Amino acid sequence: MNPKTETRERLVDVARNLFWKQGYATTGIAEILKEADAGSGSLYYFFPTKEDLLLAVLDWYKANLWAQVITPVFERVSDPIERVFGILDGYRQGLLYTKFVQGCPVGNLALELSNSHPSARKLIADNFTGWRDAIKQCLDAAAGRLPAGTDTGELALFVLTTMEGAVMLARSYRSIEPYDNAVARLRDYFERLLADGSEWARPRQKPRQKPQAKTPSG
């Protein structure tokens, strides 16, 4: 690998981990340089401003969504609905591994920067869109098992909303219980949808009316 390319990738990797662990605002340039074992000249050659480095981090998340989050689940799970819950389980494992200190890295940056960094906000939204599209792909693959007319795009957004909210609550309470409860309710909703698509949505025959008993005459 070209030394310049290697240095750039190392700076992005270090910044990505520091932003995830402690946030964007509290991470200083000097700390990034120390962790990356790089000089200030190298940093400013690639990233004239700290925000440029932030945008590169968000580009990394966008480019590596499948490799880091989606593909590992797809390789071990074949059922499209179970793939959705496999992805959610990955975030659960992350919460437990970090003792609830670190959540979704893009979600963290969204809460911190959406109002103050318009360029970052757009890339954050792009990352969420990519995540939704991956979930939608799973739901589209299971479309024949869902009720007719199900909007898989809206359902994917619902899954994203559930995950991000559940991560935030788990971090706030320092407990996996809110996350597990939210995913359990989502699982119940999916099971109802699947039952609706396979059974309740079928046209039902009207029950045959029982013949009325004749009243004895006169």
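## Considerations on the layout of surface pockets
Roughly 640 Å³ of volume is contained in the largest pocket. Elements represented by at least two residues in the lining of the largest pocket include exactly α1 (3-22), α4 (50-76), α5 (80-97), α6 (105-113), α7 (118-141) and α8 (152-173). The class makeup of the residues in the lining of the largest pocket is 17 nonpolar, eight polar and three charged. Of the pockets and cavities examined, the second largest pocket occupies roughly 200 Å³. Contributing to the lining of the second largest pocket are 13 residues, with G107, N108, L111, E164 and M168 lying nearest its centre. If you list the elements that add at least two residues to the lining of the second largest pocket, you get α6 and α8. In the lining of the second largest pocket, the residues fall into seven nonpolar, four polar and two charged.

## Looking at the packing of α1 against helix α2 (residues 29-36)
Look at α1 against α2: their axes get within 9 Å of each other, and the N-to-C directions meet at 125°. Considering their axes alone, α1 and α2 lie oblique with respect to each other. Of the two elements, α1 crosses α2, and the hand of that crossing is right-handed. Side by side, α1 and α2 meet where R10, L11, V14, A15, L18, F19 and Q22 of the first sit next to E31, I32, L33, E35 and A36 of the second. Its residues assigned to classes, the contact of α1 with α2 shows eight nonpolar, one polar and three charged.

## Some details on the nonpolar core
Counting 63 residues, the largest nonpolar core has L88, W131 and Y179 as its most contacted members. Secondary-structure elements contributing two or more residues to this core are α1, α2, α4, α5, α6, α7, α8 and α9 (177-200). Ranked by the residues each element gives to this core, the list is headed by α4, at eleven residues. Beyond its immediate stretch of four places on either side in the chain, L88 contacts W131, V159, M163, Y179, V183 and L186.

## Let's talk about the side chain of R16
Structurally, R16 is set in helix α1. At a separation of 2.3 Å, a polar atom in the side chain of R16 contacts the side chain of D13. Non-local contacts of R16, meaning those with residues more than four positions away in its chain, are made with V57, W60 and Y61.

## Remarks on the state of the cysteines
Two cysteines, two sulfur atoms, one covalent bond between them: this is a disulfide. Applying the stated rule across the entire model yields zero disulfides. C138 provides the cysteine sulfur closest to C104, a residue in no disulfide bond, and the two sulfurs are 17 Å apart. Using a relative accessible area of 5% as the deciding quantity, one classes C104 as buried.

## Remarks on the pattern of salt bridges
A complete count under the given rule lists eight salt bridges for this structure. The closest approach of N and O atoms between K62 and D126, which form a salt bridge, is 3.6 Å. Here K62 is found in helix α4, whereas its partner D126 is found in helix α7, with 64 residues between them in sequence. K62 gets classed as partly exposed once you look at its relative accessible area, which sits at 43%. On the accessibility criterion, D126 (22% relative accessible area) is partly exposed. In this structure, the salt-bridge partner of R192 is D188, at a minimum N-O distance of 2.8 Å. Of the two residues, R192 and D188 both sit in helix α9, four residues apart, roughly one turn of that helix. Overall, the relative accessible area of 28% leaves D188 in the partly exposed class.

## Considerations on the environment of F19
Note that F19 resides in helix α1. On the basis of relative accessible area, F19 is assigned to the buried category, the value being 3%. Separated by 161 residues in sequence, F19 and D180 have C-alpha atoms that sit 26 Å apart. Those residues in contact with F19 that lie beyond four places of it in its chain are Y24, T27, I32, K50, L54, V57 and L109.

Rules used throughout
- Residues numbered from 1 in each chain as written.
- Predicted model: local features only at pLDDT ≥ 70, side-chain atom pairs only at ≥ 80, totals over all residues.
- Heavy atoms only, no water.
- 1 Å grid on protein atoms, 1.4 Å probe; cavity = no way out; pocket = protein on both sides within 12 Å on 5 of 7 lines; lining within 4 Å.
- Points joined across faces, edges and corners; volume = space filled by probe spheres on them.
- Helix = DSSP H or I, 4+ residues; strand = E, 2+ residues; numbered from the N terminus.
- Nonpolar A, V, L, I, M, F, W, Y, C, P; charged D, E, K, R; others polar.
- Axes fitted to C-alpha atoms, helices over the stretch in contact; angles between N-to-C directions.
- Parallel < 35°, antiparallel > 145°, perpendicular 65-115°, else oblique.
- Left-handed = near helix turned anticlockwise from the far one by under 90°.
- Contact = heavy atoms within 4.5 Å.
- Core = buried A, V, L, I, M, F, W, Y, C linked by side-chain atoms within 4.5 Å.
- Buried < 20%, exposed > 50% of the residue type's maximum accessible area, 1.4 Å probe, protein only.
- Polar contact = N/O pair within 3.5 Å; in protein donor to acceptor, adjacent residues only side chain to side chain.
- Disulfide = S-S within 2.5 Å.
- Salt bridge = Lys/Arg side-chain N within 4 Å of Asp/Glu carboxyl O.

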